[in-house]
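Coordinates in review
Here is how the chains run, residue by residue.
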Amino acid sequence: MHKFRSLAAVFIFISVLPFTAAAKKGDHVPTPSEALGFEVGADRKLADYRQIRTYFKTLAAASDRVEIQTLGKTTLGEEMIMAVISSEENLRNKSKYKEIARKLADPRGLSKEQVNALASDGKAIFLLTCNIHATEIASSQMAMEWAYKLATTQDPEMLRRLNDVIVLLVPSLNPDGQIMVTEWYRKDLGTKYEGGAMPYLYHHYVGHDNNRDWYMLTQIETRNVNQVVYHEWFPQFWLDEHQMGSYGPRIYIPPNADPVAKLVNPLVHRGNNLIGASMGWRLEEAGKSGVIYGYSYDAYWPGGTRNTGWWKNMYGVLTEAASARIATPMQISPTELQGGAKGLIQYEQQINFPNPWPGGTWRLRDIMDYELLVSDAALETMSKYRQELLRGVASMADQAVHSADPAEFWRIPVEGQRDPVVATRLAALMLDHGVEVRASSDKKEFLIPTSQPYGRFVDEMMGVQRYPEVRPAPNSGILEPYDVAAWSLPLMMGVQAAKVKISAEQQHAATPIKNVSWPTGGLNGQSSYYAIADRQNNVFALVNAMQKAGGSVFISNTAGQEPAIIFAAHPQLAANAEKLHLRLQAAAVAAQGTKPLKPVRIALYKPYIASIDEGWTRFVLEQYGFNVKNIENKEVKAGNLNAAYDVIILPDTSREVIVEGRPSREGYFEDFPPEYSGGIGKEGVRALRDFVEKGGTLITLAHSSELISGEDFNLPVRNALGGTGGDEGRRATLTGDFNVPGSLLRVYLDTNHPVAYGMPQEIAAFVDAPIAFQTSEPGPETQRSVIAWYPDDARDILVSGYAHGTERLERKAAAVSFTKGKGRVVMFGFRVQHRAQTEGTFQLLFNAINWTE
Ligand SMILES: [Zn+2]
């Protein structure tokens, strides 16, 4: 008996323990407020990312419905996390559900019955990303509350949803920025600066543009998430929660506004609108007013988080809630409410805005409540339409495969490219995107089939854009693009690629690859010197690496020969050349036409009205190993700049920002704390002029050329497109006779000019502002050169995107330089290093930095 009883006890122990332990890991699951020790969502209270991450880990330890996946490190070294939330059983079987999602995303070889069976067995994978823009902070707080709710609910309906759906919840896509914003906010609490803007970018490199990076994948945070989405989890739906301005609607939900991208499968928008309709319903039902759709955010541009996925058969939705002053409430008078954007010109009741918000108090808590409702509604719809949505993904993938000609491929040859490394990088980028890429049997070219699940994405990225001219009413103007209008990667990267048809034999010989093989670098022959043509971006990385290692570098430009960079033999040369995939040839050095390249000390001006272009420029220069330091107002004003720097770069920002420290637009401008107010002032302008006169090189990017073309420098150059530029110029582009919102335009180069050495005579230049130069002959002490110019027939100007008023660019200069004694000014009107995407024109900037007399 005794023995039997104990055996029974053991039996019960064994069978019950795993069950009870699994159902309840801890005794008590703390709410976010309990765990953090303050009321989350209360006025003037914010959890920073480290607290949020700790809370999520606490939640995962206490609940069997929550697991934490580390996505990687951020730019500044924070651990970036994603919570995986679902029923306990789904989490136990997550590899099975990932596999089903992967098969539905690429259903090649599956029968209709197999697809249906997978859609029936599979779980909907729902990716919710928060807080990509660090000041749009409510969603990072909301994420904790929503996760707590999902982890602890006993509501049968909620449990059913969690059985149907696996939620991937990223509490912040920008942890570094979230921490910067919370620290800045806490520092100024209770002062007159409370809730005010930060005087620096809220991402180490790219600030707000972290949501412009999703086709180029340059930033580590983008890459971390891209990996999870297109190589591991294959979510069918991506919801990205943002905030917008404070004086319009309370929240934007889908449908998007016009125009719509041609190549996106319409089922994407049908899925998005289904989810959007349920968001609108649940918000209204809960008494939330001010909900709008068909507003501002178009369905054309692929640069943001979830949009890129549209071309990969993924549903993706953006929401934008009205902002408070970070966590400080706002009082908004009804008289202050305004429309003014596409879809809501006047702030009044419309069918897409049936219940306008009347004004009043708006606080962090309100934003979080709206966001909790849209998150719930998305989960509800994913659960309700799980099988339809899953089948839809497979059917879109199938259509992408079958609507394309199987003989049709994008061909990227490696040999014969101006920059074979960049050409290879384009193929590598496509692989990162989850695209099928093949290598030809001789390994000399990459071949990308258009007939594949992500074939529409391939065509969008490799082809040229023509912006759809949609008019909202007869005789009205067209709808303006939301962001840029061109993203043709081969053109931006300066890579030759073409859509070709290849034989069945070649198709079979071309094998899908997992990784690219980079061009083999190293040294050919034996000599005291090694040379390479001056026409690859990585040549500058090698120059910088060898200068750092104490090596000698020269530039040679003998008449009739292509400019070359020459490296003196050095123990580290071969290894560096291999690492950078550059092949150098043993060379004799002709004394004539050969000049030493000295290490260059670069200052990059950093204004307090943070310039995203400053961040991108810093990123690009650091990637290539340039010795770059930021320089701020105080240091510029102090003068004597030649002692510390050889080159000063002014990023794309207006003259008013540089000189006065405020935007040029009239109206209210909220002061920064005194240590961040003002610009370089008159002393700073004098110091920059002095820097040039004493032999420095001043490089201006886009709008910062206003400093040169105005009275400050008194050089014979002006902006042919209307003078002021800056914010006024930008406004003129919206109302006036010229609009190039970010397009690729044809520009010719004088390749005998040192800034254009090694470049082709014709390029696709990225243009996003009304800037073109009109020069005239200066006095005898100064020389001016036109480095780049537009064609003399407007019809030849647009290459990809949208351009209105190109007649005004005919025969105008696109980049110019002035030399004065030993000093120089180089002015780029177009965007040589735009968002680290225009690799085809980086060299113009690199050459300008290394310009020797
Ligand atoms: Zn945003």
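Residues numbered from 1 in each chain as written. Predicted model: local features only at pLDDT ≥ 70, side-chain atom pairs only at ≥ 80, totals over all residues. Heavy atoms only, no water.

1. Focus: the overall build of the protein
On a plain count of helices and strands, the protein comes out with 27 helices and 35 strands. Along the three orthogonal principal directions, the C-alpha set of the protein runs to about 105 × 70 × 65 Å. For the protein, with 853 residues in total, the buried portion stands at 61%. Long-range contacts, defined as pairs at least 24 residues apart, comprise 79% of the intrachain contacts of the protein with a sequence gap of at least 6. (Helix = DSSP H or I, 4+ residues; strand = E, 2+ residues; numbered from the N terminus. Buried < 20%, exposed > 50% of the residue type's maximum accessible area, 1.4 Å probe, protein only. Contact = heavy atoms within 4.5 Å.)

2. Considerations on the coordination of the zinc ion
All of the protein donors around the zinc ion are His 133 (ND1), Glu 136 (OE), Glu 136 (OE) and His 242 (ND1); their distances to the metal are 2.0 to 2.6 Å. A relative accessible area of 8% means that Glu 136 is categorised as buried. (Donors = N, O, S within 2.8 Å, 3.2 Å for Na, K, Ca; no water.)

3. With respect to the sheet that holds strand β6 (residues 251-252)
The eight strands are arranged β1-β2-β4-β3-β5-β10-β6-β8 in an open sheet whose pairing can be described as mixed. For this open sheet the edge positions go to β1 (66-73) and β8 (291-292), each flanked by a neighbour on one side alone. Bridging between β6 and β8 involves two bridges; their strand directions are parallel. Its bridge partner lying in β8, Ile 251 is registered against Val 291. Of the strands in this sheet, β5 (237-244), β6, β8 and β10 (315-322) are in contact with helix α11 (residues 266-285), which crosses β10 at around 35°. (Pairing = 2+ DSSP bridges. Axes fitted to C-alpha atoms, helices over the stretch in contact; angles between N-to-C directions.)

4. Points about the pairing of strand β25 (residues 628-631)
Looking at chain direction, strand β24 (residues 602-605) and β25 are connected through four bridges and run parallel. Along β25, the bridge assignment pairs Ile 602 with Val 628. Where the polypeptide runs from β24 across helix α21 (residues 612-623) and back to β25, its parallel neighbour, the crossover connection is right-handed. (Right-handed = clockwise from strand over helix to strand, strands pointing away.)

5. Details of the pattern of salt bridges
As enumerated under the stated definition, the model contains 49 salt bridges in all. In this structure, Glu 88 and Arg 92 form a salt bridge, with 3.3 Å as the shortest nitrogen-oxygen distance. Taken together, the residues span about one helical turn, with Glu 88 and Arg 92 both in helix α4 (residues 88-92) at a distance of four residues. Overall, Glu 88 belongs to the partly exposed group, its relative accessible area being 25%. Residue classification places Arg 92 among the exposed positions, given a relative accessible area of 60%. Of the charged contacts in the structure, one is a salt bridge between Glu 157 and Arg 160, with a shortest N-O distance of 3.0 Å. Residue Glu 157 and its partner Arg 160 are both found in helix α8 (residues 156-164); the two are separated by three residues, about one turn of the helix. The class of Arg 160 is partly exposed, set by a relative accessible area of 38%. Here the residues in one salt-bridge network are Glu 157, Arg 160, Arg 161, Asp 164, Arg 282, Glu 285, Glu 380, Lys 384 and Arg 386, joined through shared partners. (Salt bridge = Lys/Arg side-chain N within 4 Å of Asp/Glu carboxyl O.)

6. Regarding the confidence of the model for the protein
Put simply, the protein has an average pLDDT of 94, and 95% of its residues get 70 or more. With pLDDT under 50 throughout, residues 724-735 is counted as low confidence; its partners more than four residues away or in other chains account for 22 contacts. (pLDDT = per-residue confidence, 0-100.)

7. A few points about α21
Note that an α-helix has 3.6 residues per turn; residues three or four places apart therefore point the same way. Along its 12 residues, α21 runs 17 Å from first to last C-alpha, staying within 8% of the 16 Å computed at 1.5 Å per residue. The element α21 is largely enclosed, with a buried count of nine among its 12 residues. Every buried residue belonging to α21 is among Asp 613, Glu 614, Gly 615, Trp 616, Thr 617, Arg 618, Phe 619, Val 620 and Leu 621, and all of these are buried. Packing partners of the buried residues in α21 comprise β24, β25, β26 (647-650), β27 (697-701) and α27 (842-849). Taken from the residues just after α21, Gly 625 is the one with a positive phi, measuring 80°. (Expected span 1.5 Å × (residues − 1).)

8. Description of the sheet that holds strand β23 (residues 594-596)
As summarised here, the arrangement of the six strands in space is β18-β22-β19-β21-β20-β23, forming an open sheet in which the pairing is mixed. Every interior strand has two partners, whereas the edge strands, β18 (522-524) and β23, have only one. Here the strands of the sheet are splayed against their neighbours by 35° on average, with no regard to which way each runs. In this structure, strand β19 (residues 529-533) lies alongside strand β22 (residues 583-587), joined through three bridges in antiparallel fashion. Bridged to Tyr 530 within β22 is Ala 586. The strands that helix α19 (residues 537-548) touches are β19, β20 (553-556), β21 (564-568) and β22; relative to β21, the one it contacts most, it runs at about 25°.

9. What about the environment of Gly 829?
For Gly 829, the location among the structural elements is in the loop between β35 (823-828) and α27. Sequence spacing of Gly 829 and Met 368 is 461 residues, and the spatial spacing of their C-alpha atoms is 42 Å. Sequence-distant contacts of Gly 829, that is, excluding residues within four places in its chain, are made with Ala 702, Ile 771, Phe 773 and Ala 814.

10. Considering the packing of helix α6 (residues 112-121) against helix α14 (residues 386-403)
Across the interface, α6 lies against α14 with an axial gap of 8 Å and an inter-helix angle of 140°. Taken together, the axes of α6 and α14 are oblique relative to one another. Once α6 is placed against α14, the crossing between them reads as right-handed. Mapping the contact onto sequence places Val 115, Asn 116, Ala 119, Ser 120 and Asp 121 in α6 and Arg 386, Gln 387, Leu 390, Arg 391 and Ala 394 in α14. Classifying every residue of the contact of α6 with α14 gives four nonpolar, three polar and three charged. (Parallel < 35°, antiparallel > 145°, perpendicular 65-115°, else oblique. Left-handed = near helix turned anticlockwise from the far one by under 90°. Nonpolar A, V, L, I, M, F, W, Y, C, P; charged D, E, K, R; others polar.)

11. Concerning the environment of Ala 564
For Ala 564, the location among the structural elements is in strand β21. Sequence separation between Ala 564 and Gly 294 is 270 residues, and the spatial gap between their C-alpha atoms is 54 Å. In contact with Ala 564, not counting residues within four places along its chain, are Ile 532, Ala 533, Asp 534, Phe 554, Ile 555 and Ser 556.

12. What about α27?
Along α27, eight of the eight residues are buried, which leaves the element largely enclosed by surrounding structure. Along α27, the positions that sit buried rather than exposed are Phe 842, Gln 843, Leu 844, Leu 845, Phe 846, Asn 847, Ala 848 and Ile 849.

13. A word on the side chain of Asp 240
The topology assignment puts Asp 240 in strand β5. A relative accessible area of 0% places Asp 240 in the buried class. At 2.6 Å, the side chain of Asp 240 and the side chain of Thr 129 are in polar contact. Residues within four places of Asp 240 in sequence aside, it is in contact with Thr 129, Ile 132, Leu 173, Asn 211, Thr 305, Arg 306, Val 317, Leu 318 and Thr 319. (Polar contact = N/O pair within 3.5 Å; in protein donor to acceptor, adjacent residues only side chain to side chain.)

14. Brief notes about the nonpolar core
In terms of nonpolar packing, the biggest core is built from 166 residues, with Phe 126, Trp 146, Leu 169 and Leu 489 touching the most fellow members. Here the element with the most residues in this core is helix α13 (residues 364-384); it accounts for 10 residues. Ignoring anything within four residues of it in the chain, the contact list for Leu 489 reads Tyr 215, Met 216, Leu 426, Leu 429, Met 430 and Met 461. (Core = buried A, V, L, I, M, F, W, Y, C linked by side-chain atoms within 4.5 Å.)

15. So, the pairing of β22
Relative to β22, β18 runs parallel, the two being bridged by three bridges. Bridge assignment links Asn 524 to a residue of β22, and that residue is Gln 585.

16. Observations concerning the packing of aromatic side chains
The full count for this structure, using the stated rule, is 31 aromatic pairs. Seen from their ring centres, Tyr 295 and Tyr 297 are 6.4 Å apart, and the 75° between their planes marks the pair as edge-to-face. Between Phe 828 and Phe 830 the ring centres are 6.4 Å apart and the planes differ by 70°, which places this aromatic pair in the edge-to-face class. The pair formed by Phe 828 and Phe 830 is uniform in burial state, with each residue classed as buried. Grouping aromatic residues by their ring pairs yields a cluster made of Tyr 215, Tyr 300, Tyr 467, Trp 487 and Tyr 802. For the cation-ring pair, Arg 250 lies above Trp 362, with the distance from its terminal atom to the ring centre recorded as 4.7 Å. Taking the ring centre of Phe 457 as reference, the NZ or CZ of Lys 312 above it sits at 4.6 Å. (Phe/Tyr/Trp six-rings, centres within 6.5 Å; stacked < 30°, edge-to-face > 60°. Lys NZ or Arg CZ within 6 Å of the ring centre and 35° of its normal.)

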